[in-house]
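So the chains spell out like this:
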Amino acid sequence: MNMIDFNDEFQKLSYRHSTSHIMAQAVKRLWPETKLAIGPAIEDGFYYDFDHEGTFTKEDLEKIEAEMKKIVKEHFPIERFELPRDEARKQMVEMNEPYKVELIDDLPADAVISFYRQGEFTDLCAGPHIENTGELRAYKLTQVAGAYWRGNEKNKMLQRIYGTSFPDKDQLKAYLDRIEEAKKRDHNKLGRELGYFTTVDYIGQGLPIMLPRGAKVLQTLIRFVEDEEERRGYLLTKTPFMAKSDLYKISGHWYHYRDGMFLLGDPNAVSKEGQPVNESEIYALRPMTCPFQYQAYLAENRSYRDLPLRYAETSTLFRNESSGEMHGLIRLRQFTISEGHLMCTPEQLTEEFKRCLDLASFMLDAVGLNDDVSYRFSKWDPNNKDKYVGSAEEWEAVQDTMRGILDELGLTYTEAEGEAAFYGPKFDIQIKNVWGKEDTLITIQIDFQQGKQFGMEYTDRDGIKKNPYVIHRTSIGCYERTLALLIEKYAGALPLWMAAEQARILPISDKHVDQAFAVRDQLRSQGLRVEVDDRDEKIGKKIRQAQMEKVQYMLVMGDKEVDEGTLAVRSRHDGELGALPIEDVIARLLDEVKRRVKHFS
RNA sequence: GCCGAUGUGGCUCAGGGGUAGAGCAAUUCACUCGUAAUGAAUAGGUCGUGAGUUCGAUUCUCACCAUCGGCUCCA
């Protein structure tokens, strides 16, 4: 029997794919009336979708695992065979597997239709698989979830069972332990424990309260971003949080993004005379800043000499996400984005796009997330043209342009069909949270539509008026989401420069409290964020608490320090540093802030 | 929006058809303390909200709200 080598991606996939089949076989044994959908290997394991009466309970999962154990012991060879389309279809109809029949019907005419058989269980499947069910060593069914057939919400919701498998028990345990460890960093847990944010039932979903600590971190990040953008030639705008529907009709939001907007006023209302309400009187909270910044562009006649024109705004956005979507600080209904739009000539497009990438990269490096991201080129879905503005030719052309820039920069990226914005393709910088779920952190988009739609023009050298290209971009993404990922990255112990509380002074006894406040004020006057723990507690307890609250510097003050004008410095990262003159402590902290030192834990 | 789980003092959790308990946190007092929890006392909850069943509901039923995991959507 072959030893499975998990360094070999093919073997790993085969192994987990086969685990999924063994699970399906167990389910069919226990509940023969259950219908099979699909069951692939995924990044950290596998799943199988079933059409099953009711739902699977925890106890059911245990039963399934027990049955899987039997199937492993039975050492079934896993055999592949092929059938012509009509026979394959006939067999699936006979086996009463409607989802498999549908899959076969949708296979291209020239497709080879293969099956895999292990014991009494046969499944339509392209493979690959391991050779024998007896090779399976360590597996665990992790959770049940609903999932739409073929990922379409109009279809029936199936029952999905997730699981994972490894070549041996130790690796499985190591994996499960790692997941448990990762979850301890969950920003949604840590962020609340550490007092960054809270939520309140009667405010509503996706609307967190940023508490002073969280608000301070956000403010620090915002100042940092705004200063850097100013250095890079951005002009600040401040635009309204809402506008009449007229604006969104020009941008297309009214037609393509209406479900995502909070409307003020009822578009279906009728007047006393029975007249439909004038839609101009319907306002909407802004889901994006673009149409507002275009109005800033339109405020003057533009010349090619004005371009590129770079607008930036720390922008509060409102999106009416459906109720099941909200997650901690990652998905919200109101959030703050480092928004920006660049208007440029076609010749400037490549250079400006690169500058946006450079800015994003600078930001990610500054906060320490640069090594954790991946790139995605998000294209339109040519089979779903109604979702988008513009012609197929325009889409293909602008996507070619974007791909050209990405390739010129030598970036490694995946291509994702159907992930574009309705007005243009996106370059997305993706990141995973502690649950392994991927989200967009930063996005840079090329828009070839809205310049025309809003009548944005510039007079070129030749005296002809032309439409500028627009780049939508964010420099650090959505601040709340970025904060969430930073909390997870640093397990709550944020780098000194962005920490809400940079140092805490710990007086040994109440004799030292007055002096502690004086020193606090001295440090504060240098721009450091410092608090005093003046509670009537022992020093050990104060240290323990500061440590648990992830304060980077603990400054102990007793008789000796008061007499000598020093502070006994304890760094969260480096431990005890001994007594230092207050001036030296200030210099050390300011230097660490200036250099934006990062300690990962 | 859909599938599933969950909802008990600020936090972590126990309990259970006869109107609730622990630890931490908070407050007060004593100790005046040297690098990860000093001791004692006090206060704090209409058990997410609303309806129903019942003599009686926090406990059972239903609806709604919120939180968590997934699907769909998305920064």
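Residues numbered from 1 in each chain as written. Chains lettered and ligands numbered in written order. Predicted model: local features only at pLDDT ≥ 70, side-chain atom pairs only at ≥ 80, totals over all residues. Heavy atoms only, no water.

**Details of the environment of Arg-504**
- Relative to the helices and strands, Arg-504 resides in strand S24 (residues 503-507).
- Residue Arg-504 is classed as buried on the basis of its relative accessible area, which comes to 8%.
- Taking the C-alpha atoms as reference, Arg-504 lies 11 Å from Leu-528; in sequence the two are 24 residues apart.
- Every residue in contact with Arg-504, bar those within four places of it in the chain, is listed here: Arg-213, Glu-531, Asp-533, Gln-545, Ala-546, Glu-549, Val-551, Tyr-553, Met-554 and Leu-555.
- One polar contact links Arg-504 to Glu-501, side chain to side chain, over a distance of 2.7 Å. (Helix = DSSP H or I, 4+ residues; strand = E, 2+ residues; numbered from the N terminus. Buried < 20%, exposed > 50% of the residue type's maximum accessible area, 1.4 Å probe, protein only. Contact = heavy atoms within 4.5 Å. Polar contact = N/O pair within 3.5 Å; in protein donor to acceptor, adjacent residues only side chain to side chain.)

**Structural notes on the side chain of Ser-165**
- Along the chain, Ser-165 falls in strand S8 (residues 157-166).
- Given a relative accessible area of 0%, Ser-165 falls into the buried group.
- Polar side-chain contacts of Ser-165 include one of 2.8 Å to the side chain of Thr-19.
- Sequence-distant contacts of Ser-165, defined by excluding residues within four places in its chain, comprise Phe-6, Tyr-15, Arg-16, Thr-19, Phe-46, Leu-136, Ala-138 and Tyr-139.

**Observations concerning the packing of helix H15 (residues 513-525) against helix H18 (residues 582-595)**
- It is the contact of H15 with H18, at a shortest axis distance of 11 Å, that shows an interaxial angle of 40 degrees. Considering their axes alone, H15 and H18 lie oblique with respect to each other. Two packed elements cross with a definite hand, and for H15 against H18 that hand is right-handed. The segment H15 lies against H18, with Val-519, Gln-522 and Leu-523 engaging Ile-582, Glu-583 and Ile-586.
- Its residues assigned to classes, the contact of H15 with H18 comprises four nonpolar, one polar and one charged. (Axes fitted to C-alpha atoms, helices over the stretch in contact; angles between N-to-C directions. Parallel < 35°, antiparallel > 145°, perpendicular 65-115°, else oblique. Left-handed = near helix turned anticlockwise from the far one by under 90°. Nonpolar A, V, L, I, M, F, W, Y, C, P; charged D, E, K, R; others polar.)

**Side note on the pattern of salt bridges**
- Using the criterion set out here, one finds 51 salt bridges in the structure.
- Salt bridges sharing partners connect three or more residues here, namely Arg-29, Glu-67, Lys-70, Glu-74 and Glu-120. (Salt bridge = Lys/Arg side-chain N within 4 Å of Asp/Glu carboxyl O.)

**Some thoughts on the protein's contact with RNA strand B**
- As a matter of local geometry, RNA strand B sits amid 58 residues, with Tyr-148, Asn-188, Ser-323, Thr-440 and Asp-536 nearest to it.
- Among the atoms of RNA strand B lying within 4 Å of the protein, the sugar-phosphate backbone contributes 52%.
- Gly-328 places a polar main-chain atom, nitrogen or oxygen, 3.2 Å from a phosphate oxygen of RNA strand B.
- Of all elements in the fold, only strand S7 (138-148), S8, helix H6 (187-193), strand S20 (438-447), helix H16 (539-548), helix H17 (559-564) and strand S27 (566-571) reach the threshold of two or more residues within the surface near RNA strand B.
- By residue number, the principal contributor to the surface near RNA strand B is H16, which donates six residues. (Near = heavy atom within 4 Å.)

**Description of unusual backbone geometry**
- Cis rather than trans, the peptide bond between Leu-307 and Pro-308 has omega equal to -5 degrees.
- Mapped onto the fold, Pro-308 is located in the loop between helix H10 (290-298) and strand S15 (309-318).
- A positive phi angle, near 60 degrees, is found at Asn-96, a position not held by glycine.
- With respect to the helices and strands, the residue Asn-96 is situated in the loop between helix H3 (85-94) and helix H4 (98-106).
- Unusually for a residue other than glycine, Lys-550 sits at a positive phi of about 65 degrees.

**Some thoughts on the environment of Lys-272**
- Position of Lys-272 relative to the elements: it lies in the loop between strand S13 (263-264) and strand S14 (283-285).
- Separated by 178 residues in sequence, Lys-272 and Gln-450 place their C-alpha atoms 37 Å apart.

**Comments concerning a nonpolar patch on the surface**
- Taken together, the side chains of Phe-241, Met-242, Leu-264 and Tyr-283 make up a nonpolar region of the molecular surface, amounting to roughly 340 Å² of accessible area.
- Inspection of the secondary structure puts Tyr-283 in strand S14.
- For Tyr-283, a relative accessible area of 34% translates into the label partly exposed. (Patch = residues over 30% accessible without salt bridge, like charges linked within 9 Å, V, L, I, M, F, W, Y side chains within 5 Å. Areas by Shrake-Rupley, 256 points an atom, 1.4 Å probe, with all protein chains shown as cover.)

**Considerations on the domain arrangement of chain A**
- Here the domain parsing of chain A yields domain 1 (9-175), domain 2 (197-268 + 278-489) and domain 3 (496-595).
- The C-alpha-based centres of domain 2 and domain 3 are spaced at 41 Å.
- At the interface, nine residues of domain 2 touch seven residues of domain 3.
- Buried area between domain 2 and domain 3, summed over both chains or domains, comes out near 710 Å², and the portion from carbon and sulfur atoms is 69%.
- Considering only the surface of domain 2 that becomes buried against domain 3, Arg-213, Lys-216 and Thr-220 emerge as the three largest contributors, covering 59% of it.
- Measuring nitrogen to oxygen at the nearest pair gives 2.5 Å for the salt bridge that ties Glu-501 to Arg-213.
- Across the contact surface, domain 2 and domain 3 share one residue pair in polar contact (both at pLDDT 80 or more).
- Secondary structure elements with two or more residues in the side of domain 2 that touches domain 3: helix H7 (212-231) and helix H11 (349-367). (Domains from an automatic or database assignment. Buried area = accessible area lost by both parts, 1.4 Å probe.)

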